[in-house]
Structure formats: C-alpha cells, structure tokens
Amino acid sequence: MAARIELPPYETVALVLQGGGALGSYQAGVYQGLHEAGIEPNWFAGISIGALNAAILGGNPPEKRLERLTEFWDTICQSALFPAFTLGAEVASLLGDGDMRTLAGAWSSMRAIVEGQRGFFVPRIPTPFLNTATGPVASSFYDTAPLKETLERLCDFDRINAKIERVSVGAVDIETGNFEYFDNANRKLAPEHFMASGALPPSFPAVEIDGRFYWDGGLVSNTPLMEVLSRPPRRDTLAFQVDLWSAKGPLPQNLLDVDERRKDIVYSSRTRLVTDVAGYIQHLRNSLRKAIDKIPAELQDDPEVVKIKELACSKVYNTVQLIYRDKQYETHAKDYEFSILNMREHWRQGLDDIKDTLTHPEFLARPSGGRAVVTHDVHRVE
C-alpha cells in the first residue's frame, strides 16, 4: 500500500480525463495510484472514454471504484460476438515489442471492427450501406445500446445526481456545432449524457437528449481542462490532467504513420496552450484584484467598480499533467485495439506514471511567488 499523501488546502481536486478509446485504461491506472495515496478528487471531468471513466468514478463511492473500473474494462475488452482470445502476460513476453506484437494488435483491432466490444458496441446488421433506415440514430456502423446497459449496471446515477462530487462531461450539438457540458451541478445526469460524450461518428450513433442530438465532444475539444480552470465559482484548484494523446511525436514515414500522427495532433487538443492561456487570464485577474484594493473605500460601491470586482480573482490553479506515451509496437489503431493484454499494460503504465509523479511533492504545492497558474509534468523533469 502506497504512503498516503496530505494535500495542501485546495478547495477543488479535479481529475480531468481526455478521450482516447481503448487507451482509456491508462486513466484507470492513474486513478488507482491517486486512490492508494489517499487522494480522492471532488470533481471528475471527461470527454469520450474519459466521460465513461468519469461515470464509473462519480457513480460509485471510493471504496468500490477500483472494483467497478476493473469490471468495466474487463467487460469492454472482450468481443461482443465470440469468446475472447486473450493474450496473457506470458504470451506478451514471447511476442516482444516488435513486429509480432504489432501483428497481435492488428488482429485485436480487426476483431473490434468486425465483432464489436462486449457491453460497449455491436455491429449494425445489415451494414448501414445496405440498410434503408435513416435518421441520426441509425446513421452509424455500430449500435451502442449495450453501453447503456453497462453504465446502468455499474453506475449509481442517484449518487451522481446527489452531487457528492461534481461530474462534467462534454458533447457537441450536431445541428449548431456548439460544444456543451453536461454538469451535475446544474442538471440531472443520465446514461445518455455520458454516451453522448463518446458518440464518435460515423462509428457510433448520435444520442438524443431533450430533443437535441449530440456527438463526441472530442470533435471540438478533447480536453475538458478549460472547463475546470474557468468555470465559476472560481476556487483554489489542483487538477490532475490525464492525456491519452501526445502533441509531440516523430515525423511520419508512411500513410499509416500519417493517420496515427493526425490523431495525436487532433485529439491532444493543445493542452499546453490551455494551461498557458488560463495562466495569463488568471494573472490578469490577480492583478485586477490587487488594483481594486488600492481604490479608495468611498468608491468601492461604485457600480463600475462592482462590475470590475466580478472579474477579479485571487485564486490559484495547479495542473499536474500526465500523458500516455506510445509503445513502439502501437499503430494508428491504438484507440480501438481493445485487447485484454494492452488494456492491462495501459493501466499499469498509468499507475506507474502517477506513482512517479507523486514522488515530487513540489508538484502538489500551491502556486507561489506571484504565480496564479502552474503546470507540472514528470516527463519534463526527466
């Protein structure tokens, strides 16, 4: 059991989860490391697979979360149609990390395309190209009805809506193209809100909520960090940002490399830019707060000064970033390579990365020295 960590007095401790399909078990490993260190977030924010992980975390008390996460990932990493062909750790050692491991991954991703994943999605039969049915729900290659059953089985939505922790997930209104957050702070959440966040077209169908249809939030922004850093009321915040795509990567050498690199760039969602912008804005808010304090007392109730006070803020924000690092054998299909073998390796890597991160107590300290927003990444230190 890891040593428990006493955090500085932050008002909000957030776990911010990017989208990334099969890579999402990395986030489960990160949560396990936080849990073992006695760090329990009070805000879960997610997009796509990050939203599904957020549903499991927010929909269960801390003592049941790891059990439910394990059940969720063990379920969706099996074929929806046929018995699982599971490669264990002993087989992985024989495959190595070269061409044989790449071929094993290609086999698993092909099975996901043809067979679907248990408790997650199943192929539409007949294929949409041969189906005369039309409409936003039928216009997809897969049916995600099994996911609704899985979420209802593994998540207590009464608990989510009791607002014990804050839960926010992002999706895109198809007709307006606007990004929207579904937040239990201001609305009642159901399985459909989390499914909408992960409804990536054309694979998955649009999800209807209150007469509107939604797609995967990753189409607009795959990282819900700005929601946590900017949503009022502003509070002193420690955010663990768990990314599944790296903005930095090698120059592609073939068309498959191009597709993999394209995904990395699109879905990394410029997390570094988000933290830089948030830092600049919060610096301005802090400066404004200091300037207001210099205004004479008789002018403090002036309507214009009151308006300015609403913009001012002296809160601090600390973002601790973890980024999944690709393996040599992974390809453009890494986000739909749902093998049990890879899932467990992703999970273990997330656990190892957060354990490494938590050996740096300075990462958890409140910003000081006039800084309002700081960002830490253990890979930068290395």
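- An unreviewed UniProt entry annotates the protein chain as Patatin-like phospholipase family protein of Dongia rigui.

1. Regarding the UniProt feature "short sequence motif: GXGXXG" (unreviewed entry) in the protein chain
Inference 1: According to UniProt, the "short sequence motif: GXGXXG" (unreviewed entry) feature falls on residues 19-24.
Inference 2: With 0% helix and 0% strand, residues 19-24 has end C-alpha atoms that lie 7 Å from one another.

2. Observations concerning the packing of helix H3 (residues 62-76) against helix H6 (residues 145-154)
Inference 1: Where H3 meets H6, the closest approach of the two axes is 11 Å, and the angle between their N-to-C directions is 160°. Overall, the two elements H3 and H6 adopt an arrangement that is roughly antiparallel. The hand of the H3/H6 crossing is right-handed. Contacts between H3 and H6 involve Arg68, Glu71, Phe72 and Thr75 from the former and Leu147, Thr150, Arg153 and Leu154 from the latter.
Inference 2: Of the residues belonging to the contact of H3 with H6, the class tally is three nonpolar, two polar and three charged.

3. Let's talk about the nonpolar core
Inference 1: Within the largest apolar cluster, 67 residues are counted, with the highest numbers of intra-cluster contacts made by Leu15, Trp73, Leu151, Phe194, Phe240 and Phe338.
Inference 2: With seven residues, helix H2 (residues 49-58) is the single largest residue contributor to this core.
Inference 3: Beyond its immediate sequence surroundings of up to four residues, Phe338 is in contact with Gly21, Ala22, Trp73, Ile76, Cys77, Ala112, Gln117, Phe120 and Phe121.
Inference 4: Residues Val16, Val228, Leu229 and Val373 belong to the second largest nonpolar core, which totals 13 residues.

4. Regarding empty space enclosed by the protein
Inference 1: Counted under the stated rule, the structure contains three cavities of 30 Å³ or more.
Inference 2: In this structure, the second largest cavity occupies an estimated 70 Å³ of space.
Inference 3: Looking at the second largest cavity, the residues that line it are Arg101, Thr102, Gly105, Ala106, Tyr329, Glu330, Thr331, Ala333, Lys334, Glu337 and Asn342.
Inference 4: If you tally residues by element for the lining of the second largest cavity, the top one is helix H5 (residues 99-115), at four residues.

5. Some details on the layout of surface pockets
Inference 1: As a volume, the largest pocket reaches approximately 630 Å³.
Inference 2: As for the largest pocket, its lining consists of 32 residues, and the residues nearest its centre are Leu200, Ser203, Phe204, Asp335 and Tyr336.
Inference 3: Listed by contribution, the elements that provide at least two residues to the lining of the largest pocket are H2, H5, helix H8 (191-197) and helix H10 (255-268).
Inference 4: For the lining of the largest pocket, the element with the highest residue contribution is H10, accounting for three residues.
Inference 5: Grouping the amino acids of the lining of the largest pocket by side-chain chemistry returns 19 nonpolar, nine polar and four charged.
Inference 6: In this model, the second largest pocket occupies a volume close to 330 Å³.
Inference 7: In terms of lining, the second largest pocket is formed by 18 residues, of which the most central are Pro250, Asp257, Glu260, Asp326 and Glu330.

6. So, the packing of aromatic side chains
Inference 1: Considering all chains together, one arrives at 13 aromatic pairs under this definition.
Inference 2: Seen in terms of ring centroids, Phe121 and Phe338 are 6.4 Å apart; in terms of plane orientation they differ by 65°. Their pairing is edge-to-face. Of this pair, Phe121 sits in the loop between H5 and strand S3 (122-123) while Phe338 sits in the loop between strand S10 (317-323) and helix H13 (340-357); the two residues are 217 residues apart in sequence, bridging distant segments of the chain.
Inference 3: With a relative accessible area of 5%, Phe338 lands in the buried category.
Inference 4: Where Tyr142 meets Phe204, the ring centres are 6.3 Å apart and the plane angle is 75°; that geometry is what we call edge-to-face. Of this pair, Tyr142 sits in strand S4 (residues 142-143) while Phe204 sits in the loop between H8 and strand S7 (207-209), and the two are 62 residues apart along the sequence.
Inference 5: According to the relative accessible area criterion, Tyr142 is buried, its value standing at 10%.
Inference 6: Each residue in the set Phe120, Phe121, Tyr142, Phe204 and Phe338 is aromatic and connected to the rest through ring pairs, giving one cluster.

7. A closer look at unusual backbone geometry
Glycine aside, a negative phi is what most residues show, and trans is what most peptide bonds show.
Inference 1: A cis geometry characterises the amide bond from Ile125 onward to Pro126, with omega recorded as 0°.
Inference 2: One non-glycine residue with positive phi stands out, namely Ser48, at about 60°.
Inference 3: By the element assignment, Ser48 lies in the loop between strand S2 (43-47) and H2.
Inference 4: The phi torsion at Lys163 lies on the positive side, around 65°, for a residue other than glycine.

8. A look at the side chain of Thr319
Inference 1: The topology assignment puts Thr319 in strand S10.
Inference 2: Since its relative accessible area comes to 1%, Thr319 is described here as buried.

9. Points about the pattern of salt bridges
Inference 1: Tallying each qualifying case throughout the model produces 25 salt bridges.
Inference 2: Its salt-bridge partner being Glu11, residue Lys315 comes within 3.1 Å of it at the nearest N-O pair. Of this pair, Lys315 sits in the loop between helix H12 (303-311) and S10 while Glu11 sits in the segment before strand S1 (12-17), placing them 304 residues apart in sequence.
Inference 3: For Glu227, the salt bridge is made with Arg231, and the minimal N-O distance between the two is 3.0 Å.
Inference 4: Since its relative accessible area comes to 6%, Glu227 is described here as buried.
Inference 5: Among the charged side chains, a salt-bridge network with shared partners connects Glu260, Arg261, Asp264, Asp326 and Lys334.

10. Observations concerning the state of the cysteines
Inference 1: Applying the stated rule across the entire model yields zero disulfides.
Inference 2: Looking at the unpaired Cys77, the closest cysteine sulfur is the one in Cys155, lying at 16 Å.
Inference 3: Assessed through its relative accessible area of 7%, Cys155 is described here as buried.

What counts as what
Residues numbered from 1 in each chain as written. Predicted model: local features only at pLDDT ≥ 70, side-chain atom pairs only at ≥ 80, totals over all residues. Heavy atoms only, no water. UniProt positions renumbered as here; feature names shortened; annotations may be inferred. Helix = DSSP H or I, 4+ residues; strand = E, 2+ residues; numbered from the N terminus. Axes fitted to C-alpha atoms, helices over the stretch in contact; angles between N-to-C directions. Parallel < 35°, antiparallel > 145°, perpendicular 65-115°, else oblique. Left-handed = near helix turned anticlockwise from the far one by under 90°. Contact = heavy atoms within 4.5 Å. Nonpolar A, V, L, I, M, F, W, Y, C, P; charged D, E, K, R; others polar. Core = buried A, V, L, I, M, F, W, Y, C linked by side-chain atoms within 4.5 Å. Buried < 20%, exposed > 50% of the residue type's maximum accessible area, 1.4 Å probe, protein only. 1 Å grid on protein atoms, 1.4 Å probe; cavity = no way out; pocket = protein on both sides within 12 Å on 5 of 7 lines; lining within 4 Å. Points joined across faces, edges and corners; volume = space filled by probe spheres on them. Phe/Tyr/Trp six-rings, centres within 6.5 Å; stacked < 30°, edge-to-face > 60°. Salt bridge = Lys/Arg side-chain N within 4 Å of Asp/Glu carboxyl O. Disulfide = S-S within 2.5 Å.

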